[in-house]
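The chain contents come next:
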Amino acid sequence: MSNNRFIVKKAAVLGAGVMGAQIAAHLTAAGIPVRLFDLPAREGGRNDLIEQSIQRLTKLKPPPLADKDLVEFLHPANFDDDAAKLADCDFIIEAVAERIDIKKSLYDKIEQHIQPDAIFASNTSGLSITELASVLPKKNRARFCGVHFFNPPRYMHLVELIPHAGTDPAVMDQLEAFITETLGKGVVRAMDTPNFIANRVGTFSILSTVHHAERLGLGFDTVDALTGPAIGRPKSATFRLADVVGLDTLISVMTTMKNKLEDDPWHAYYEVPSWMRQLVDNGALGQKSGAGVFRKEGKTIRVLDSESGEYRDTDYGLDDEVKQVLGIKDPAEKMAALAESDRPELEFLWAIHRDLFQYCAVHLAGIADSAREIDLAMRWGYGWARGPFEIWQAAGWKKVAGLVRRDIESGAALADAALPDWVSSVDAAHADEGSVSGSGNNVPRPDLAVYRRQWQPPRLIGEKRDNGTTVADLPGARLWTLEDDVLIISHKSKMNVIDDGVIEGLNEAVERAEKEFAGIVIWQPEGPFSAGANLKAAMEWVENGEFDKVEKLVADFQDANLRLRYAAVPSVAAARGLALGGGLELAMHTSRIVAHLESYMGLVEAGVGLLPAGGGLGTLAFRIHDQTRAGDSYPLLEKRFKQVAMGQVSGSAMEARAMGYLSESDAIVMHEHELLHAAHGEIRGMNAAGYRAPLPGRRIPAAGDVGIATLKMLLANMYEGHFISDHDYEISDRIADTLSGGAIDRGTPVDENWLYALERKHFVELAKMKPTQERILHMLKTGKPLRN
């Protein structure tokens, strides 16, 4: 495998539609300027249509751009006038309409402008890469392949990489490394077969579900209740997913499979159901048209009754017997119970799993190098907790194979598709040495250099995971190492919330690190960085009137954060996902933050009637001063006040930097599995530069009474306009007081201790108020904020 790095200084995306524009947007997050091409406009400016597409990116939800300012790095161009501008592009990805004649016509137009060292790829979701390559001159074919992003490109982890017979293997290695490290994606190599891997298996799974639901008379809502989180799949389940994808799009994929897989034993499954065809003919395409399998009527979601053709109220209820089987923890016991049941709902679940196992085993040799590619494709592209072969292996490889054969012999399963011989020759699909191929051989995991940057990546079932060496296993945290001199602390609490156990772990980590280690990394193997403080424990004290315990918890957390900030060794917070409330405050006290691009950060305590009291407001006050030393601090003070008072959360790590939660010296990492690698690198770098902790006791001039008055004017306008409630005003008033350093003369020097004392005072006083307690209870019960 080649380890030569593929460097992209400029990219081009051909096609400014939904996928093309969003792929271009994601490239900008990686620091790559993009020329976005499409057809010239017939009226007005030649690039007007592309400009409009670019501007739409700033309004879409979820946002394709990691930061709206990145729109400046998208440059419109059209195929007729600007094709020559492709000459300085290192990476060119085509995303025009899924018609081979349109793609070939475009290739004829641009091929002469592609530089020899550029990589040219198609984002086709299922057309033949071999056929597309045939239209290119021979000089371009070796550096051509398929690169299939999933929608929406920014958020979906999977990218399928598809070579044709003439693709240079070194190009595949370089592209895999680039897409992994620079774009932060999970790459799966697929064979050049219709719909590749994820859509091939995913669409079959949907078709099998449709077939057995109809056979057993199950409603679409019942099917979705059975095929979502109950079996380790997303809430969108089956038919809600079909609506999101678009029924017209799904029919197109099904038609491709029907036309190109005529010899497939399951070819009869590829017929478009009459109810689906009828919906599309009536313009009910799914979410994008407002109706599909489901239809929203006011605040009510209704579901299509396939027999009557009318919409009815949804019913996701399952009876106790079904719930009992779904609640079985042991995978082998659960699968056996499904296979032996004659209840329609449970028989259905066994049938769709059996079909899935049979289909993947029969087709493995034709669509993927090994079971690994199929399982990762379904995890990353469809959001399944486990891929098909993992589910099979967890339930007992030999036992499940026997049950599938039983159904094939009885005629319950497709009789024309016997399990291949290799199924009997292995004991599992995955082991630490690698994964099984369609010939029964073992295929090792990829060994590209880029994967050596992924420390502690998720493993497939059967693969061993290196859990490092435990230094101290405490009730609330684990202290451990990767057998080096950096101490890692990982929380044990649910959602990694801050509680007494985590605080104890932080103090222990600092004490040990100052004596024995080069630095501290805070990193969570599972879940988000931290969803905040443990509200449940705090509420128990509040209900019992034990406010002294509440104050002690706050004081202890502040002390632990300050101890971390002034430790003799550097510390790094390796953040991904949610970093909210106390979790963000913890990160803000480390020497450096390394954040995954998809980090969502905010001081959100106002939503539960409180204010940040782990040093977050005090830290913000210091940062406001440091960023405005030579100018007026009030515009920034007002901006930071509003984001805390309104509980705003960043939409990315880039937005978190704009909000002041990340500093310019903090790093943003594109691939979440490289966080530990990057965090250790930051520790090494700080020590190599002769790390010294910041001096304690620094003071800044407070905004004081003038700052409070300024912020209260803003509050008064919001209150009079009925944008905030009485209690919102109360909370915001206290946030303003703390950020400003209290009701003291403007310019009075204050230190951290002063600001943190204000945080504690206001936090405890708010906790004693009934509206705050109502907000906390509502959040604990519903998971949603209450505005009272």
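Residues numbered from 1 in each chain as written. Predicted model: local features only at pLDDT ≥ 70, side-chain atom pairs only at ≥ 80, totals over all residues. Heavy atoms only, no water.

Peer 1: Outline the sheet that holds strand β3 (residues 74-78), listing residues and values.
Peer 2: Strand order in the open sheet formed by 8 strands is β3-β2-β1-β4-β5-β6-β7-β8, and the pairing between neighbours is mixed. Two strands in the sheet have a free side with no partner beyond their single neighbour: β3 and β8 (186-189). In this sheet, adjacent strand axes meet at a mean angle of 25 degrees when their direction is disregarded. Of the strand pairs in this sheet, strand β6 (residues 144-149) and strand β7 (residues 158-162) are connected by 4 bridges, and their pairing is antiparallel. The residue of β7 that forms the bridge with Phe149 is Val159. Packing against the sheet, helix α16 (residues 371-382) makes contact with β7 and β8, and its axis sits at approximately 140 degrees to β8. (Pairing = 2+ DSSP bridges. Helix = DSSP H or I, 4+ residues; strand = E, 2+ residues; numbered from the N terminus. Axes fitted to C-alpha atoms, helices over the stretch in contact; angles between N-to-C directions. Contact = heavy atoms within 4.5 Å.)

Peer 1: Kindly report on unusual backbone geometry, identifying the contributing residues and their values.
Peer 2: Cis geometry marks the peptide bond from Lys61 to Pro62; its omega dihedral reads -10 degrees. Tracing the chain through its elements places Pro62 in the loop between α2 (48-56) and β3. Not every positive phi belongs to a glycine, and Ala237 is a case in point at roughly 50 degrees. With respect to the helices, strands and loops of the structure, Ala237 is situated in the loop between α9 (220-226) and α10 (239-245). Despite not being glycine, Gln456 shows a phi value in the positive range, around 60 degrees.

Peer 1: Before we move on, can you summarise helix α21 (residues 535-543) with the specific residues and values?
Peer 2: Among all positions of α21, only Leu535, Ala538, Met539, Trp541 and Val542 are buried. All buried residues of α21 fall inside an arc of 160 degrees around its axis, so they share one side. The exposed residues of α21 that point more than 90 degrees off its buried face are Lys536 and Glu543. Buried-residue contacts for α21 involve α20 (500-516), α22 (547-565), α30 (752-767) and α31 (770-782). Of the residues that open α21, the one with a side-chain oxygen 3.2 Å from the backbone nitrogen of Lys536 is Asn534. Of the residues trailing α21, Gly545 is marked for its positive phi of about 70 degrees. (Buried < 20%, exposed > 50% of the residue type's maximum accessible area, 1.4 Å probe, protein only. Arc of directions from axis to C-beta. Polar contact = N/O pair within 3.5 Å; in protein donor to acceptor, adjacent residues only side chain to side chain.)

Peer 1: Describe the packing of aromatic side chains, listing the residues and the values that go with them.
Peer 2: In this structure the tally under the stated criterion is 22 aromatic pairs. Judged by centre distance (6.1 Å) and plane angle (10 degrees), the rings of Phe37 and Phe79 are stacked. One end of the pair, Phe37, is in strand β2 (residues 34-38); the other, Phe79, is in helix α3 (residues 79-82), and 42 residues separate them in sequence. Residue classification places Phe37 among the buried positions, given a relative accessible area of 1%. With relative accessibility at 6%, the residue Phe79 sits in the buried group. An aromatic cluster is present here, built from Phe357, Phe389, Trp392, Trp397 and Trp422 joined pairwise through their rings. Its end group placed over the ring of Trp384, Arg233 keeps NZ or CZ at 3.8 Å from the ring centre. Above the plane of the ring of Phe547 lies Lys768, whose end atom (NZ or CZ) is 5.6 Å from the centre. (Phe/Tyr/Trp six-rings, centres within 6.5 Å; stacked < 30°, edge-to-face > 60°. Lys NZ or Arg CZ within 6 Å of the ring centre and 35° of its normal.)

Peer 1: Which residues make up the side chain of Asp375, and what values do they have?
Peer 2: In this structure, Asp375 sits in helix α16. Look at Asp375: it is buried, it has no salt bridge, and the nearest opposite charge is Arg379 at 6.9 Å. At a separation of 2.9 Å, a polar atom in the side chain of Asp375 contacts the main-chain amide nitrogen of Phe389. Among all residues touching Asp375, those that are not within four sequence positions of it are Gly387, Pro388, Phe389, Glu390, His430 and Leu460. (Lys, Arg positive; Asp, Glu negative; His and termini not counted. Salt bridge = Lys/Arg side-chain N within 4 Å of Asp/Glu carboxyl O.)

Peer 1: With reference to specific residues and values, describe the packing of helix α25 (residues 634-645) against helix α29 (residues 726-739).
Peer 2: It is the contact of α25 with α29, at a shortest axis distance of 10 Å, that shows an interaxial angle of 140 degrees. Comparing their axes, α29 and α25 come out oblique. Relative to α29, α25 is oriented so that their crossing is right-handed. Residue-level inspection shows Leu637, Arg640, Phe641, Val644 and Ala645 of α25 in contact with α29, the latter providing Ser732, Ile735, Ala736 and Leu739. Partitioned by chemical class, the residues of the contact of α25 with α29 number 7 nonpolar, 1 polar and 1 charged. (Parallel < 35°, antiparallel > 145°, perpendicular 65-115°, else oblique. Left-handed = near helix turned anticlockwise from the far one by under 90°. Nonpolar A, V, L, I, M, F, W, Y, C, P; charged D, E, K, R; others polar.)

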